[in-house]
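Breakdown of the fold
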Amino acid sequence: MLPEKNVSTERNHYLREIKKRKIRIHLIRILIIAVFLILWEITASCGIIDSFFFASPSRLVQCFIFLTKENAFFSHISITLLETAVSFLLVTLLSLLCAILLWYFKTAANATEPYLVILNSLPKSALAPLLIVWFGGNMKTIIITGLSVAIFGSVLSLYRGFQEVEPDKYKLIATLGGNKKDVLFKIILPSNIPNLLTIMKVNIGLCLVGVIIGEFIAARKGLGYLIIYGSQVFKMDWVILSILVLCVIAFALYQIITVVEKKFSKAA
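Just so it is clear, the model here is predicted, and its values are computed rather than measured.

Points about the overall build of the protein
Tallying secondary structure elements over the protein gives 12 helices and zero strands in all. Here the C-alpha radius of gyration of the protein, 24 Å, is well above what a compact globule of 268 residues would show, namely 18 Å. Its C-alpha atoms give the protein principal-axis dimensions of roughly 75 × 70 × 30 Å. Every one of the 268 residues in the protein was classed for burial, and the buried ones make up 34%.

Comments concerning the nonpolar core
The nonpolar side chains of a soluble globular protein tend to be buried, and buried together. Formed by 50 residues in total, the largest nonpolar core has its most connected members in Phe73, Trp103, Ile188, Leu223, Leu241, Val245 and Ile249. Within the residue set of this core, elements represented by two or more residues are helix H3 (57-69), helix H4 (73-104), helix H5 (106-121), helix H7 (139-163), helix H9 (180-191), helix H10 (193-218), helix H11 (223-232) and helix H12 (236-267).

Quick look at the pattern of salt bridges
One pass over the full model with this rule turns up two salt bridges. Between Arg59 and Asp237 there is a salt bridge; the shortest N-O distance is 3.1 Å. Of this pair, Arg59 sits in helix H3 while Asp237 sits in helix H12; the two residues are 178 residues apart in sequence, bridging distant segments of the chain. The buried category is assigned to Asp237, whose relative accessible area is 12%. Its salt-bridge partner being Glu261, residue Lys201 comes within 2.9 Å of it at the nearest N-O pair. One end of the pair, Lys201, is in helix H10; the other, Glu261, is in helix H12, with 60 residues separating them in the sequence. Per residue, the accessibility class of Lys201 equals that of Glu261, and both read buried.

Observations regarding H9
All buried positions along H9 are accounted for by Val183, Leu184, Ile187 and Ile188. End-on view of H9: buried residues confined to an arc of 130 degrees, all on one side of the axis. Within H9, the exposed residues directed more than 90 degrees away from the buried face are Lys181, Phe185 and Lys186.

Observations concerning the packing of H4 against H5
It is at 6 Å that the axes of H4 and H5 come closest, and there the two elements cross at 130 degrees. Looking at the two axes, H4 sits oblique to H5. Mapping the contact onto sequence places Leu102, Trp103 and Tyr104 in H4 and Lys106, Ala108, Ala109, Thr112 and Leu116 in H5. Among the residues forming the contact of H4 with H5, the class breakdown is six nonpolar, one polar and one charged.

Side note on the side chain of Ser87
Turning to its location among the elements, Ser87 is positioned in helix H4. Setting aside anything within four residues of it in sequence, one finds Ser87 in contact with Ile143, Gly146, Leu147, Cys207 and Val211.

What counts as what
- Residues numbered from 1 in each chain as written.
- Predicted model: local features only at pLDDT ≥ 70, side-chain atom pairs only at ≥ 80, totals over all residues.
- Heavy atoms only, no water.
- Helix = DSSP H or I, 4+ residues; strand = E, 2+ residues; numbered from the N terminus.
- Rg over C-alpha atoms; globule rule 2.2 N^0.38 Å.
- Buried < 20%, exposed > 50% of the residue type's maximum accessible area, 1.4 Å probe, protein only.
- Core = buried A, V, L, I, M, F, W, Y, C linked by side-chain atoms within 4.5 Å.
- Salt bridge = Lys/Arg side-chain N within 4 Å of Asp/Glu carboxyl O.
- Arc of directions from axis to C-beta.
- Axes fitted to C-alpha atoms, helices over the stretch in contact; angles between N-to-C directions.
- Parallel < 35°, antiparallel > 145°, perpendicular 65-115°, else oblique.
- Contact = heavy atoms within 4.5 Å.
- Nonpolar A, V, L, I, M, F, W, Y, C, P; charged D, E, K, R; others polar.

Given below as structure tokens:
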């Protein structure tokens, strides 16, 4: 048996190595972005690529300053964020409610599961024009488009997670005199919180995709509208800047859910 002092030293060395590796990975990521931006700027400046079609980092900075001075860019960003947040919250609440109902009513679950699979496989961009006819070209339509992209897969994933709970836990609740409601709130939901958080990490990106699809067709504001408008008037700087901002937003939203997941894991 190793002395306690040696064990502590080895543990500290192991933790330091993990920390160094994380720092190394972050530095490599920053280096990749830096090299990409430098090569992009050089190739655009030397005429290797046409800066009119592909822009350049310096042109994007100028475009950002221009749009910011016009007080329009942050308005477009805030609209897209609001629509994504509302869509994401609705997807989370409705998918959880639907999964509970399917778990509670087994016959309904068996009858509707094939239809949920079909709806989940359907390209949601095909539904967008129909949604505009039904609900009009407004924010409500865009939110519904974002919701439609994520909800069916979310319901199926949650319902399958509910089904994978160990049968022995059901027997324990029954032995203690519990009913189906006790099984739901004491076993099913607590056991599926990690699964729900994982699904939320996927859904936040899907909702953003759905919102952008809706904005392509039905919006007068938002980053999706800015991309379509920029491409129509050949302002490619606007298009590329909007796409880059969408990448940043998607990454930031994913990281927020990841932080919540890590805090839950530590608390559990």
